Amino acid sequence: MKLLEVNNLKKIYSSRFGGNQVQALSNVTFSVEKGEYVAIMGESGSGKTTLLNILASLDKPTSGEVLLQGKNIVAIKESEITAFRRENLGFVFQDFNLLDTFSLKDNIFLPLVLSRKSYGEMAKRLKPIAEKLGIEDILEKFPYEVSGGQKQRAAVARALITDPQLILADEPTGALDSKSTDQLLKLFSEINNEGQTIVMVTHSTKAASHAGRVLFIKDGEVFHQLYRGSMSKEEMFEKISNTLTVITTGGAANE
Amino acid sequence: MNKLFYPRLAVINIKKNSKTYFPFILTCICTIMMFYIMYAISINKGLDGVNGSESLKTLLSLGTIVIGIFSAIFLFYTNSFLIKRRKKEIGLYNVLGLEKKHIAKILCFECIFTSVISLTAGLIGGIILNKLMFLLLIKMLNFKVSFGFSISVPSIIKTLIVFCSIFFVTLLSNLFQIKILKPIELLKGSEQGEKEPKTKWIMTIIGLAALCGGYGIALNVKSPLAALNLFFGAVILVMIGTYALFTAGSIAVLKFLRKQKNFYYKTEHFISVSGMMYRMKQNAVGLANICILSTAVLVMLSTTISLYAGMEDLLKLRYPRNIVVTARETNKNQIQKLDETLDSELKSGKIDMKDKLYYLDNSLEVIKKDSKFLCVNKNTDKSKVSMIEVIPISDYNRLEGKNITLHDNEVIFFSKVKNYTDDTINIDNKSFKIKQRLDKPVDGLNNSMIDLVDTYIIFVNNIDDVGKNSFKEYTTAFNIKGTNKEILSISDKLNKKFSENKIKANAESAVAGREEFLSLYGGLFFLGIFLGALFLMATVLIIYYKQISEGYEDKERFEIMQKVGMDKSEIKKTIRSQVLMVFFLPLVFTVIHIAFAFPMITKMLAVLGLKNVNLFILSTAGTIIVFAAIYTIVFSLTARVYYKIVE
């Protein structure tokens with residue numbers, strides 16, 4: 001079953017008076033099955049952040065459509081879009097985006113509070129997630145009191161607690177050390193195994209090698225994609241890095 | 001390197017930071033202007049030679065000192081705000097290769113530029129406005145003084161000395177701050193201090209106790225004299241209470257709210273409560289400052305306005321006729337001589353004496369013990385003393401146009417003391433029967449003490465029968481026609497004659513009294529407006545700076561919340577409510593403070609002779625409304641800057 005369909009997405013940025021036009025996405029089409037773990041890779045300026053922003057309904061495409069479970073999120077009214085985002089999407093950001101005025105627990109509760117859930121239900125939902133992420137002991141701490149890895153796990157908990165259709169991760173390992181990166185990637189694999197669909201934008205070959213499928217974007221188009229199939233992480237890693245070499249050196253894809 | 005490099009960089013810096021520097025320079029200019037004007041007026045020779053000019057000058061030079069001290073504290077405070085905001089920029093210079101001594105050079109140039117600009121503009125403005133202010137003062141005092149346009153050189157010199165030292169000290173503190181910081185810290189300078197505040201229960205309790213104590217004193221004060229003694233203590237307690245409750249109390253309340261899970265985890269409360277906690281942590285002292293300054297402004301203005309406006313009542317009370325002659329510690333012989341002198345003097349000047357009244361009275365200082373009054377000697381604690389005024393019944397009959405006869409042991413009685421309901425009055429073990437109680441004081445008598453201490457007025461057949469009679473006082477008052485100048489010269493002539501004839505008496509004219517009152521209360525009023533304006537300016541600037549610094553910090557939070565799933569209008573709403581709460585908290589507390597201070601201040605005004613409570617209510621309400629209006633305007637103007645930053 002297709003969870004997410006992206007059809008002929010095009011995004012052109014123009015400066016305020018229409019002078020300079022920059023094409024960020026020229027024609028992007030792909031789809032994500034329910035339960036899939038997809039990594040999107042590409043160089044700086046290839047358009048991956050633009051793509052993610054459009055998927056996150058933070059930005060509107062110039063043309064094309066994005067269907068989440070058959071519903072075109074591009075056409076959702078401005079007034080409903082935040083509620084839609086809150087209920088269907090979970091976000092993990094490179095710089096965590098935790099509010100330093102809240103304890104980790106309250107940060108995790110934030111989307112639920114906004115959806116007006118009762119405290120009892122929030123607490124009930126938090127318990128298994130906190131256990132899984134290993135953050136039960138630090139829930140009362142504040143973001144500035146914990147390490148980057150712990151912050152990112154709290155951010156993952158915040159994304160998971162609404163039980164979203166899709167988790168969008170923007171360079172989630174970008175600000176983490178290698179040990180925390182390993183932990184986070186392991187975590188992503190685990191929640192994916194439990195059926196959670198994840199779309200992750202990343203620079204890191206290592207992070208991408210955990211995914212089930214890797215999309216490569218170049219010059220605003222899906223340039224190539226790799227399926228993991230039965231490959232081990234190491235084999236996947238090698239494949240990805242070969243592909244990246246081909247992309248950066250300008251060769252055409254042969255596979 | 002080009003010689004002009006540092007000065008040019010300094011100019012660029014000031015321009016680039018104009019959002020914060022412009023208000024700072026404006027404040028400097030205004031304070032300099034005020035200082036110059038106040039000092040120039042206080043040493044202006046044009047004020048000499050008027051009744052009460054000495055007290056006026058003392059008042060104004062006190063005002064100069066207050067302005068000086070306040071400017072120093074306030075400019076220092078705003079400067080520290082400015083430098084905190086700029087730490088990142090300065091850190092960047094350091095990282096880019098400017099050594100600390102180069103940065104110090106830039107800061108010196110900046111300081112020189114701002115000082116020169118503000119001193120020049122401030123002094124020019126001061127010299128121009130000085131005349132206007134002097135005119136205003138003269139108008140308020142009803143003085144007739146001739147003067148031309150003048151520049152007060154001593155005032156310029158003093159202003160230069162005071163403000164150059166203030167600027168120099170702020171520069172030193174800036175240099176010191178730069179010296180002790182490392183570049184990495186400089187880069188992060190304005191991003192520190194995000195720790196969650198701790199609950200300080202002890203401080204909260206102290207604050208609560210201090211505030212209750214202060215309010216309690218204000219509410220329970222009985223006599224006006226006690227109010228004068230206790231006022232200062234009450235003010236200190238309320239100040240302590242305000243600071244403690246703003247800093248610790250607010251946090252304690254918010255933390256308590258956060259513990260109420262079902263309250264806290266609601267969309268409307270969730271973000272506000274935690275946001276407020278951090279706002280209060282950063283702003284508590286500033287807000288407490290605003291609160292106390294506003295209270296000071298309002299108390300000062302409302303009292304001085306009342307005193308100024310209520311002056312005529314005061315004069316009427318003190319001077320029932322336009323000339324009043326009193327003779328203290330007097331006797332029959334003296335009184336006769338006095339009357340003769342008066343008659344002959346007025347006859348020789350062909351002056352008509354009208355509405356003449358005269359009476360004799362004997363004031364006894366007594367202590368009430370078991371419903372008996374005992375005369376006291378001079379060493380007794382004055383705050384427990386009551387007054388008994390003994391006046392002959394013949395004087396009463398004449399003043400009131402009645403014909404009452406009394407037995408020797410009977411009295412007619414008047415007092416405002418509420419709980420005295422006895423049928424007799426016992427003075428120094430002599431008992432008198434109260435034949436009649438009056439329900440209002442007799443016009444024309446000197447009633448000025450009635451509201452200050454417990455006073456009992458009795459009219460008797462023979463005043464020598466009651467108590468000691470060492471303080472017999474003879475008063476005669478009458479109206480004469482003439483210009484103010486003529487009346488003044490007559491009272492002067494009378495006084496001269498009295499001393500020639502060895503009569504212990506003193507003639508006062510309502511005209512001279514008015515001049516004295518005017519220069520005192522008019523001076524106070526002028527000072528009230530002046531300091532009020534200064535404090536208001538400080539309040540405005542604090543609000544402005546608070547809004548700006550809040551804005552920069554909230555910008556990030558705003559973005560995160562949007563990403564996490566809050567829509568723009570919701571965020572705007574919560575931010576708005578928080579900002580409103582933070583900035584109107586001081587105003588609310590100010591009004592509460594004033595409400596509690598009201599009874600106490602009313603009593604203190606009674607000491608100064610102002611008994612018109614309605615007038616005081618009116619002027620207090622008026623000043624509060626005007627102040628709240630200004631506050632709201634300032635708030636909405638600065639809020640615009642804030643929203644611009646956040647979006």
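What counts and how
- Residues numbered from 1 in each chain as written.
- Chains lettered and ligands numbered in written order.
- Predicted model: local features only at pLDDT ≥ 70, side-chain atom pairs only at ≥ 80, totals over all residues.
- Helix = DSSP H or I, 4+ residues; strand = E, 2+ residues; numbered from the N terminus.
- Buried ≥ 20, exposed ≤ 12 C-beta atoms within 10 Å, placed from the backbone.
- Contact = placed C-beta atoms within 7 Å.
- Rg over C-alpha atoms; globule rule 2.2 N^0.38 Å.
- Pairing = 2+ DSSP bridges.
- Axes fitted to C-alpha atoms, helices over the stretch in contact; angles between N-to-C directions.
- Left-handed = near helix turned anticlockwise from the far one by under 90°.
- Nonpolar A, V, L, I, M, F, W, Y, C, P; charged D, E, K, R; others polar.
- pLDDT = per-residue confidence, 0-100.
- Arc of directions from axis to C-beta.
- Expected span 1.5 Å × (residues − 1).
- Bend = angle between axes of the 7 residues up to and from the residue.

## Focus on the overall build of chain B
Here comes step 1: When helices and strands are counted, chain B shows 18 helices and 10 strands.
Here comes step 2: The principal-axis extents of the C-alpha atoms in chain B amount to approximately 100 × 65 × 40 Å.
Here comes step 3: Counting every position in chain B, which comprises 647 residues, the buried fraction comes to 39%.
Here comes step 4: Here the contacts in chain B between residues at least 6 apart in sequence split such that 84% fall between residues at least 24 apart.

## What about the overall build of chain A?
Here comes step 1: Each helix and strand counted, chain A has eight helices and 10 strands in total.
Here comes step 2: The C-alpha atoms of chain A give a radius of gyration of 18 Å, which matches the 18 Å a tight globule of 255 residues would have.
Here comes step 3: In terms of principal-axis extent, the alpha carbons of chain A reach across some 55 × 45 × 35 Å.
Here comes step 4: In chain A, buried positions account for 42% of the 255 residues.
Here comes step 5: Considering only intrachain contacts with a sequence separation of at least 6, the fraction spanning at least 24 residues in chain A is 71%.

## Looking at the pairing of strand β8 (residues 197–202) of chain A
Residues and elements named next belong to chain A.
Here comes step 1: Burial of β8 is extensive: six of the six residues sit out of reach of the surface.
Here comes step 2: Across the two faces of β8 the burial is the same, with Thr197, Val199 and Val201 and Ile198, Met200 and Thr202 all buried.
Here comes step 3: Examined bridge by bridge, strand β3 (residues 37–42) and β8 share five bridges and lie parallel to one another. Looking at β8, one finds that Tyr37 is bridged to Ile198.

## Describing the packing of helix α12 (residues 311–318) of chain B against helix α16 (residues 510–564) of chain B
Residues and elements named next belong to chain B.
Here comes step 1: Between α12 and α16, whose axes approach to 10 Å, the crossing angle comes to 145°. Note that α12 runs across α16; the crossing there is right-handed. Facing α12, whose interface residues are Met311, Leu314, Leu315 and Arg318, α16 presents Ala510, Gly513, Arg514, Phe517 and Tyr521.
Here comes step 2: Across the contact of α12 with α16, the residue classes tally to six nonpolar, one polar and two charged.

## Section: the pairing of strand β10 (residues 506–509) of chain B
One face of the sheet, then the other: side chains in a regular strand alternate in exactly this way.
Residues and elements named next belong to chain B.
Here comes step 1: The side-chain alternation of β10 yields one buried face, formed by Ala507 and Ser509, and one unburied face, formed by Asn506 and Glu508.
Here comes step 2: Sheet topology places strand β1 (residues 323–327) next to β10; four bridges connect them, and they run antiparallel. By the bridge assignment for β10, Val325 is matched with Ala507.

## Comments concerning the confidence of the model for chain B
Residue and element names in this part refer to chain B.
Here comes step 1: Confidence along chain B averages 83 in pLDDT terms, with 94% of residues attaining 70 or more.
Here comes step 2: Confidence scores differ between elements of chain B, with helix α7 (residues 183–188) showing the lowest mean pLDDT of 62 and helix α8 (residues 201–220) the highest of 92.
Here comes step 3: Across residues 189–193 the pLDDT falls below 50, and counting only partners more than four positions away or on other chains, this stretch makes eight contacts in the model.
Here comes step 4: Overall fold confidence (pTM) sits at 0.75, and the ipTM for the predicted complex is 0.75.

## Digging into helix α2 (residues 78–88) of chain A
Spacing of three or four residues puts side chains on the same side of an α-helix, whose turn is 3.6 residues.
All names here are of chain A.
Here comes step 1: Taken residue by residue, α2 has Thr82, Arg85 and Arg86 as its buried positions. Buried positions in α2, seen along its axis, are confined to an arc of 100° and lie on one side of it. Facing away from the buried side of α2 by over 90 degrees, the exposed positions are Ser79 and Glu80.
Here comes step 2: On its buried face, α2 is in contact with β6 (89–92) and α3 (104–114).

## Some details on the interface of chain A and chain B
Here comes step 1: Each partner contributes to the interface: chain A provides 20 residues, whereas chain B provides 18 residues.
Here comes step 2: In terms of residue class, the side of chain A that touches chain B is made up of 12 nonpolar, three polar and five charged.

## A look at helix α11 (residues 267–309) of chain B
Residues and elements named next belong to chain B.
Here comes step 1: With 43 residues, α11 should reach 63 Å at 1.5 Å per residue; the first-to-last C-alpha distance of 52 Å falls well below that figure.
Here comes step 2: Most pronounced at Asn283, the bend in α11 amounts to some 65°.
Here comes step 3: With respect to burial, α11 is a largely interior element, 34 of its 43 residues being buried.

## Here's the deal with unusual backbone geometry
Negative phi characterises most residues that are not glycine, and trans characterises most peptide bonds.
Here comes step 1: Of note in the backbone geometry, Arg116 of chain A takes a positive phi value of approximately 60° without being a glycine.
Here comes step 2: With respect to the secondary-structure elements, Arg116 of chain A resides in the loop between α3 and α4 (119–133).

## What to know about the confidence of the model for chain A
Here comes step 1: For chain A, per-residue confidence averages 86 on the pLDDT scale, and residues scoring 70 or more make up 96% of the total.
Here comes step 2: Of all helices and strands in chain A, the one with the weakest mean pLDDT is α2 of chain A (82), whereas β8 of chain A scores best (92).

## Considering the environment of Arg116 of chain A
Here comes step 1: Overall, Arg116 of chain A belongs to the exposed group, with 10 C-beta atoms counted inside 10 Å.
Here comes step 2: Taking the C-alpha atoms as reference, Arg116 of chain A lies 35 Å from His210 of chain A; in sequence the two are 94 residues apart.

## Regarding the environment of Glu400 of chain B
Here comes step 1: As for its placement among the helices and strands, Glu400 of chain B is situated in helix α14 (residues 393–400).
Here comes step 2: Distance from Glu400 of chain B to Asn130 of chain B, taken between C-alpha atoms, is 52 Å for residues 270 residues apart in sequence.

## Looking at the environment of Cys108 of chain B
Here comes step 1: Within the secondary structure layout, Cys108 of chain B lies in helix α5 (residues 100–141).
Here comes step 2: Residues Cys108 of chain B and Ile151 of chain B lie 43 residues apart in sequence; the distance between their C-alpha atoms is 30 Å.

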